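Fold and contact review
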Number of protein chains: 2
Amino acid sequence: MTGFFKVTPLETVFALREQVPVRPVETLPLLEAGGRILAETIIPAANYPEFNRATMDGYAVQANATFGASEANPVYLNLIGQIAMGEKPPAAIGFGEAMAIATGGMLPEGADSVVMSEYVTPIDAATLEIVRSVAPWSNVIAIGEDMAAGQQLLTCGTRLRAQECGALAALGFSRVPVFQKPVIGIVSTGDEIVPIDVRPRIGEIRDINTYTLAGMISDCGATARSYGIIADDAAKLEQTCLEAMASVDMLLISGGSSVGTRDITIEAINRLPEAEIKVHGIPLSPGKPTILASFGKILIWGLPGQVTSAMIVFDRIVRPFIQHMTGRGAPPGYRDITVPAVLTRNLASTPGRTDYIRTRLEPGPDGWKAIPILGKSGLINTMLKADGLIEIDMNSEGLEKGSLVNVILFA
Amino acid sequence: MTGFFKVTPLETVFALREQVPVRPVETLPLLEAGGRILAETIIPAANYPEFNRATMDGYAVQANATFGASEANPVYLNLIGQIAMGEKPPAAIGFGEAMAIATGGMLPEGADSVVMSEYVTPIDAATLEIVRSVAPWSNVIAIGEDMAAGQQLLTCGTRLRAQECGALAALGFSRVPVFQKPVIGIVSTGDEIVPIDVRPRIGEIRDINTYTLAGMISDCGATARSYGIIADDAAKLEQTCLEAMASVDMLLISGGSSVGTRDITIEAINRLPEAEIKVHGIPLSPGKPTILASFGKILIWGLPGQVTSAMIVFDRIVRPFIQHMTGRGAPPGYRDITVPAVLTRNLASTPGRTDYIRTRLEPGPDGWKAIPILGKSGLINTMLKADGLIEIDMNSEGLEKGSLVNVILFA
């Protein structure tokens, strides 16, 4: 019972993030950088495009010279030349003049738009009939319209989606500075835990948490490294922790939820030189028996052994620490995706702790329905059915059926 | 102009999915299977757990023998033994009896719940004082309560999240059958396209689409393979297609949006033996000039050259085909994540085509605000700002400011 009920407020827990260093920078080929976190703010040195660029095949014109053009009342323009691909236009154009241009071509001085070929009929070598007017800057991307020189385009800490990779390609970044992936160690503890390829005897259970945690670690942009299963033996656990400390950036110990296993995690951490227990219990349900200790700049977590408790603590508490290490940072650098949905039943809650309720989303007549999945935290089946979590604030006594809740989607 | 405006209805386009084979099955170690698509329906052969399992350290009892127990009015039970970890209980228990049990232990016959140790004081070697009642099945996971023998647990086609991997671990799947990742080839075409590490001359542009498409291919669970940049030369493009046909499961040709490049894609496909053009134009904006051809069972797409058009066609049209190949299938096997949000401006639309509007999400006073990002489809910057898309139905003339729209989040 000791310090178990002296829970540490979540703000205090999250404040410890600042003590954890962001990973160093590495430079990757652009094709390998997708999903990684940008380690530099990108400010284009030049405008993109660097000139007024045609986005259609047609004729560069001054838009106002085409105003009023229609099938019934065509406008006639003087064709004064053509723009060879990859070259500067031979001349400027004036009102009433046109120059043939292909997609990607550079507009001549004086032109502000392109009339698409399909609305143009050459009458003779020097005259075009135009049957549709264009607005200024139609079928053109203007200098710097996509990315302006000197203006911040991507901030350090941005996750590189396909479009960010595309923008970097456009600017010629064949290699990209990103933060190295943190390596997160996983130790499963408990006399009752056996490897998954072993048939458990009575009282034994296969090592689930190594697999759920590895999946979540990978999903948040880090690398999982398993240190296997350690029996309830503080000396052995200390030894494994020491070994891990040499090569991980953070360690997760998933303990049995039994008091004995918890005590052994605490004992093993206490035996580690330099280690300091920072948190022993958090105001979270499920997940109260969470331990957080520091070993220099490396954090060691003692997660609950119950599979869903461990997953929820990881999702809500540990993940923001890993995201900080990956350089993605706190919101707004990272924000949860929440989906508003109508709650389909009352949910009671105990004030003084934040509750997370596993929830399924189902399409309803007016948007999503949030269907709470109530079940013991030992049941992995409840997580299979869940799309995300409902948070019940620590000051709330519950939520009413029919109210609009925000379902936090699983990452 | 040819077939350009004879757009193929989207139902007809999507119906072609059925001609594309799902990838064969491969078996992966569980730790490598995260994010992959399960290739078998999983029906547990045995109950999980296989016995009534304690989830707390304490005493196995019959719950009704504890009813009414409190600090003021304790209940006294006979301690008749203890259950050694990993062994069957030495005896059954009856009403008023208790047996010591640890987390993970097997409940004796007759017991239906566990009283946590903290509410129990041993009075002597044979007598326990209980100060809190338990409800039946408290602190116990019953036989088959998590996963029931013979009942479908995971269906073929399920994407393996962390929790599905955990359930497979619990059942002892150290290796998992998943569908092989399809290999999707990418060819960038256009005289004006240069590799990203080359400084473009006037009229040239770096090869953005290879990078945006590769990112999106990877995000939907396939492997991207680039076939480089091919100039506007039907024979060369045909040659590259033929080469790709030997080793890809699908090919994307991202063409310039110029009429010339489009024609060359069509010409190259027509030169391929066995190839057949199925679609030439779809009722989508942006993305109308999309081409779809078949080469035996391999599909070849001609995507628009404009970067955002190519991305939107990929997201809305090509991705469902790739998901089909990965075994994930159509909804409900896969469904978009949509977020309801309040539209911040009017959006006009032309009936007869489905419009996709790039949209940013911002927190508002009553949930999310959907802020359309209007801009030319050549501007990759618009995709950097976007969180997803608003769909405007082909029968709609637009959406009104203030209306509730569903924003389809980018995958």
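Residues numbered from 1 in each chain as written. Chains lettered and ligands numbered in written order. Predicted model: local features only at pLDDT ≥ 70, side-chain atom pairs only at ≥ 80, totals over all residues.

**What about the sheet that holds strand 5 (residues 97–101) of chain A?**
Residue and element names in this part refer to chain A. The condition is simple: Only strands joined by at least two bridges in the DSSP assignment are considered to pair. Going along the chain from the N terminus, every DSSP run of H or I of four or more residues is numbered as a helix, and every run of E of two or more is numbered as a strand. Every axis in this analysis is a line fitted to C-alpha atoms, fitted for helices over the stretch in contact. Angles between the N-to-C directions lie between 0 and 180 degrees.
On the basis of which strands lie adjacent, the open sheet formed by six strands has the order 6-3-5-4-8-7 and mixed pairing. The sheet terminates laterally at strand 6 (113–116) and strand 7 (120–124), the two strands that pair on one side only. Across the sheet, the mean angle from the axis of one strand to that of its neighbour is 40°, orientation sign disregarded. Two elements, strand 3 (residues 58–61) and strand 5, share three bridges in a ladder whose sense is antiparallel. Each bridged residue has a counterpart across the sheet, and for Ala60 the counterpart in strand 5 is Met99.

**Comments concerning the sheet that holds strand 5 (residues 97–101) of chain B**
Residue and element names in this part refer to chain B. Spatially, six strands are ordered 6-3-5-4-8-7 in an open sheet, and the strand pairing comes out mixed. If you trace the sheet from one side to the other, it starts and ends with strand 6 (113–116) and strand 7 (120–124), each paired once. Across the sheet, the mean angle from the axis of one strand to that of its neighbour is 40°, orientation sign disregarded.

**Overview of the relation of the copies chain A and chain B**
The relation between the two copies of this chain is a rotation about an axis and a shift parallel to it. The line we're drawing: The fit set for superposing copies consists of C-alpha atoms from residues with pLDDT of at least 70 in both; the fit itself is least squares. Each residue is represented by a C-beta atom placed from its backbone, and any two residues with such atoms within 7 Å are regarded as in contact.
Superposing chain A onto chain B requires a rotation of 180° together with a translation of 0.0 Å along the rotation axis, leaving an RMSD of 0.1 Å. Taken together, the rotation and translation relating the two chain copies correspond to the operation of a two-fold axis. Nearest to the rotation axis, the C-alpha of Val339 of chain A is located 2.8 Å from it, this being the minimum over chain A. Here 100% of the interface residues in chain A have copies in chain B that are interface residues too; the copies meet face to matching face.

**Structural notes on the environment of Leu389 of chain B**
All names here are of chain B. Definition in use: Three exposure classes are used, based on other C-beta atoms lying within 10 Å of a residue's own C-beta, which is placed from the backbone: buried for 20 or more, exposed for 12 or fewer, and partly exposed in between.
With respect to the helices and strands, Leu389 occurs in strand 24 (residues 388–392). A residue is classified by how many C-beta atoms lie within 10 Å of it, and Leu389, with 23 of them, is buried. Non-local contacts of Leu389, meaning those with residues more than four positions away in its chain, are made with Ile312, Tyr356, Ile357, Arg358, Thr359 and Ile408.

**Quick look at helix 2 (residues 162–170) of chain B**
Of all the nine residues making up helix 2 of chain B, nine are buried; the element is thus mostly covered by neighbouring parts of the structure. Among the residues of helix 2 of chain B, those classed as buried are Ala162, Gln163, Glu164, Cys165, Gly166, Ala167, Leu168, Ala169 and Ala170 of chain B. Packing partners of the buried residues in helix 2 of chain B comprise strand 13 (205–206), helix 3 (209–219), helix 6 (307–326) and helix 7 (380–385) of chain A together with strand 10 (175–179) of chain B. Just downstream of helix 2 of chain B lies Gly172 of chain B, where phi reads positive at about 90°.

**What to know about the nonpolar core**
Note the following rule: For the purposes of this analysis, a nonpolar core is taken to be any set of buried Ala, Val, Leu, Ile, Met, Phe, Trp, Tyr and Cys residues that are connected through C-beta atoms within 7 Å.
Counting residues in hydrophobic clusters, the biggest one holds 238 residues, and the most contacted among them are Ala60 of chain A together with Ala60 of chain B. Leave out the neighbours within four places in its chain, and Ala60 of chain B touches Ala54, Ile93, Ala98, Met99, Ile101, Leu107, Pro108, Ala111 and Val114 of chain B.

**So, the interface of chain A and chain B**
By a frequent convention, interface size equals the accessible area lost on bringing the separate parts together. The condition that has to hold: Amino acid classes used here: Ala, Val, Leu, Ile, Met, Phe, Trp, Tyr, Cys and Pro are nonpolar; Asp, Glu, Lys and Arg are charged; the rest, including Gly, are polar.
Listed by partner, the interface residues are 71 residues for chain A and 72 residues for chain B. Those elements that provide at least two residues to the side of chain A that touches chain B are helix 2 (162–170), strand 13, helix 3, helix 5 (259–271), helix 6, strand 20 (338–343) and helix 7 of chain A. It is helix 2 of chain A that contributes the most residues to the side of chain A that touches chain B, eight residues altogether. Across the side of chain A that touches chain B, the residue classes break down as 33 nonpolar, 21 polar and 17 charged.

**Looking at the packing of helix 3 of chain A against helix 2 of chain B**
The following threshold applies: By definition in this entry, angles of less than 35 degrees are roughly parallel, angles greater than 145 are roughly antiparallel, angles of 65 to 115 are roughly perpendicular, and the rest are oblique. Rotating anticlockwise by less than a right angle from the far helix to the near helix defines a left-handed crossing, while the corresponding clockwise rotation defines a right-handed one.
The N-to-C vectors of helix 3 of chain A and helix 2 of chain B enclose an angle of 160°; their axes lie 7 Å apart at closest approach. Between helix 3 of chain A and helix 2 of chain B, the crossing angle belongs to the class labelled roughly antiparallel. For the element pair helix 3 of chain A and helix 2 of chain B, the recorded crossing hand is right-handed. In contact with Tyr211, Thr212, Gly215, Met216 and Asp219 of chain A of helix 3 of chain A, helix 2 of chain B contributes Ala162, Gln163, Cys165, Gly166 and Ala169 of chain B. The residue inventory of the contact of helix 3 of chain A with helix 2 of chain B, partitioned by class, reads five nonpolar, four polar and one charged.

**Things to note about the packing of helix 3 of chain A against helix 6 of chain A**
When two helices pack together, their arrangement is given by the angle between the helix axes and the distance between those axes. Residues and elements named next belong to chain A. Interhelical geometry of helix 3 versus helix 6 gives an angle of 20° and a closest axis separation of 10 Å. The angle between the axes of helix 3 and helix 6 places the two elements in the roughly parallel class. Here helix 3 and helix 6 pass one another in a crossing that is right-handed. Together, Asn209, Thr212, Leu213 and Met216 of helix 3 and Val307, Ala310, Met311, Phe314 and Asp315 of helix 6 make up the contact between the two elements.

**Thoughts on helix 6 of chain A**
Residues and elements named next belong to chain A. Defined as follows: The span expected for a helix works out to 1.5 Å for each residue beyond the first. Note on bend: at a given residue it equals the angle between the axes fitted to the 7 residues ending there and to the 7 starting there.
Over its 20 residues, helix 6 runs only 25 Å from end to end, short of the ideal 28 Å by more than 12%, given 1.5 Å per residue. At Val318, helix 6 shows its maximal kink, close to 50°; a proline, Pro320, follows between one and four residues later. Most of helix 6 is tucked away: 19 of the 20 residues are buried.

**Things to note about the confidence of the model for chain A**
Quick note on the threshold: One number per residue, pLDDT, summarises how confident the predictor is, and it ranges from 0 to 100.
Mean pLDDT over chain A: 93, with 96% of residues reaching 70 or higher. If you check the scores for this complex, the pTM reads 0.93 and the ipTM reads 0.92.

**A word on unusual backbone geometry**
All names here are of chain A. In the segment running from Tyr48 into Pro49, the intervening peptide bond is cis, with an omega of -5°. Cis geometry is found at the peptide bond from Ser285 to Pro286, where omega equals -5°. As for its placement among the helices and strands, Pro286 is situated in the loop between strand 17 (284–285) and strand 18 (291–295). Backbone geometry places Trp137, a non-glycine residue, at a positive phi of 70°. Inspection of the secondary structure puts Trp137 in the loop between strand 8 (127–130) and strand 9 (140–141).

**With respect to the pairing of strand 26 (residues 404–409) of chain A**
Residues and elements named next belong to chain A. As paired elements, strand 20 and strand 26 share five bridges and run antiparallel to each other. Pairing of Val339 across the sheet is with Val407, part of strand 26. Sheet topology note: the strand 24 (residues 388–392)/strand 26 ladder contains three bridges and is antiparallel. Within strand 26, the residue paired with Ile390 across the bridge is Val407.

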